[in-house]
Amino acid sequence: GVDGVLDLSDWDLDKDGPVTIEGEWRFAWNSLVKPQPIEEVRHRYTETIQTTTRWTKHSLTQSNGTLLGDHGFATYFMRVTLPSAFNHDSFLGFEVGEAMSSARWTVLSEDGAVEYVAYEHGRVDRHEHDSVIAFSGKEADYFQVPPEENALVVVVHVSNYSRMRGGLAWAPMLGSREAVQKSNR
């Protein structure tokens, strides 16, 4: 993805296989953003971060080069344009990797009104005393997208107050149900 957009319009999920949702995500440090239309999110949150960049290796644009710490919370956003030839009668598979701290992955409609998939490992929170870390393996779920939807939004909330590595450890994956089932074995 580039600047929080992953364009799969020329991708064929059956022939080309599943896609790891990686690259440059939109990023909101010290913010757990509630579902809302993606264009509003993109307008308000312009910071970006590479998928698995450790927080201590990233500085915010307006911080004059000051690196983030390992402890804190953040929201990651990626708008995913569906393949042009996507069959809306078929199921998509969404897989999340291991969680190293607290994480909540959500797949939403572009307007933020429909939640297709949600996973939470531990409990993500703004406050250390309310956050619970979890060690989880891969998980996958399957869903259909209505014909009027040509894009999805993947949102990841992460909080970390006790691990040595803050940030996303693994990028999620999107593909056909069959491909994701095969990879999740």
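Below or above, wherever it landed, is the structure these notes cover. The structure displayed is predicted, hence computed values, not measured ones.

Examining the pattern of salt bridges
Pairing between side chains of opposite charge can happen when the charged atoms of each approach one another.
Here is step 1 of the chain: For the structure shown, the criterion picks out 5 salt bridges.
Here is step 2 of the chain: Glu115 is the partner of Arg104 in a salt bridge, and the nearest nitrogen-oxygen pair spans 3.3 Å. In this pair, Arg104 sits in strand β7 (residues 102-109) while Glu115 sits in strand β8 (residues 115-121), placing the two residues 11 residues apart along the sequence.
Here is step 3 of the chain: Owing to a relative accessible area of 25%, Arg104 belongs among the partly exposed residues under this scheme.
Here is step 4 of the chain: Through salt bridges with shared partners, a single ionic network connects Asp3, Arg26 and Arg42.

Describing the pairing of β7
Here is step 1 of the chain: Within β7, 7 of the 8 residues are buried, leaving the element largely enclosed by the surrounding structure.
Here is step 2 of the chain: The pairing of β7 with strand β10 (residues 151-160) spans 8 bridges and is antiparallel. Opposite Ala103, over in β10, you have Val158 as the bridge partner.
Here is step 3 of the chain: By the bridge criterion, 6 bridges tie β7 to β8 in an arrangement that is antiparallel. Bridge pairing links Leu108 to Glu115 in β8.

A few points about the pairing of strand β11 (residues 173-176)
Here is step 1 of the chain: Two strands pair when backbone bridges link them, and strand β2 (residues 19-20) and β11 are joined in this way by 2 bridges, in the antiparallel orientation. Considered in β11, the bridge of Thr20 is made with Met173.
Here is step 2 of the chain: Pairing between strand β6 (residues 92-96) and β11: 4 bridges, direction antiparallel. The residue of β11 that forms the bridge with Leu92 is Ser176.

Some thoughts on the side chain of Thr81
Here is step 1 of the chain: Residue position: Thr81 is located in strand β5 (residues 72-81).
Here is step 2 of the chain: On the accessibility criterion, Thr81 (16% relative accessible area) is buried.
Here is step 3 of the chain: Once you skip the residues sitting within four places of it in the chain, Thr81 turns out to touch Leu6, Asp7, Leu8, Ser9, Asn150 and Ala151.

A few points about unusual backbone geometry
Here is step 1 of the chain: A positive phi is found at Asp3, a non-glycine position, where the angle reads about 55°.
Here is step 2 of the chain: Mapped onto the secondary structure, Asp3 falls in the segment before β1 (5-7).
Here is step 3 of the chain: Exposure remark for Asp3: the relative accessible area of 28% places this residue in the partly exposed category.
Here is step 4 of the chain: If you check the backbone angles, Asn30 has positive phi at about 55° while not being a glycine.
Here is step 5 of the chain: Relative to the helices and strands, Asn30 resides in the loop between β3 (24-29) and α1 (38-44).

Some details on the sheet that holds strand β9 (residues 139-143)
Here is step 1 of the chain: Read from one edge to the other, the open sheet built from 4 strands follows the order β2-β11-β6-β9, with strand pairing classed as antiparallel. The open sheet is flanked by β2 and β9, the only strands paired with a single partner.

Description of empty space enclosed by the protein
Here is step 1 of the chain: Applying the stated criterion across every chain, the model contains 2 cavities of 30 Å³ or more.
Here is step 2 of the chain: By volume, the second largest cavity is sized at about 50 Å³.
Here is step 3 of the chain: Those elements that place two or more of their residues in the lining of the second largest cavity are α1 and β10.

Some thoughts on the environment of Val155
Here is step 1 of the chain: As for its placement among the helices and strands, Val155 is situated in strand β10.
Here is step 2 of the chain: Overall, the relative accessible area of 8% leaves Val155 in the buried class.
Here is step 3 of the chain: Considered as a pair, Val155 and Trp105 are 50 residues apart in the sequence and their alpha carbons are 5.9 Å apart.

Parameters and conventions
- Residues numbered from 1 in each chain as written.
- Predicted model: local features only at pLDDT ≥ 70, side-chain atom pairs only at ≥ 80, totals over all residues.
- Heavy atoms only, no water.
- Salt bridge = Lys/Arg side-chain N within 4 Å of Asp/Glu carboxyl O.
- Helix = DSSP H or I, 4+ residues; strand = E, 2+ residues; numbered from the N terminus.
- Buried < 20%, exposed > 50% of the residue type's maximum accessible area, 1.4 Å probe, protein only.
- Pairing = 2+ DSSP bridges.
- Contact = heavy atoms within 4.5 Å.
- 1 Å grid on protein atoms, 1.4 Å probe; cavity = no way out; pocket = protein on both sides within 12 Å on 5 of 7 lines; lining within 4 Å.
- Points joined across faces, edges and corners; volume = space filled by probe spheres on them.

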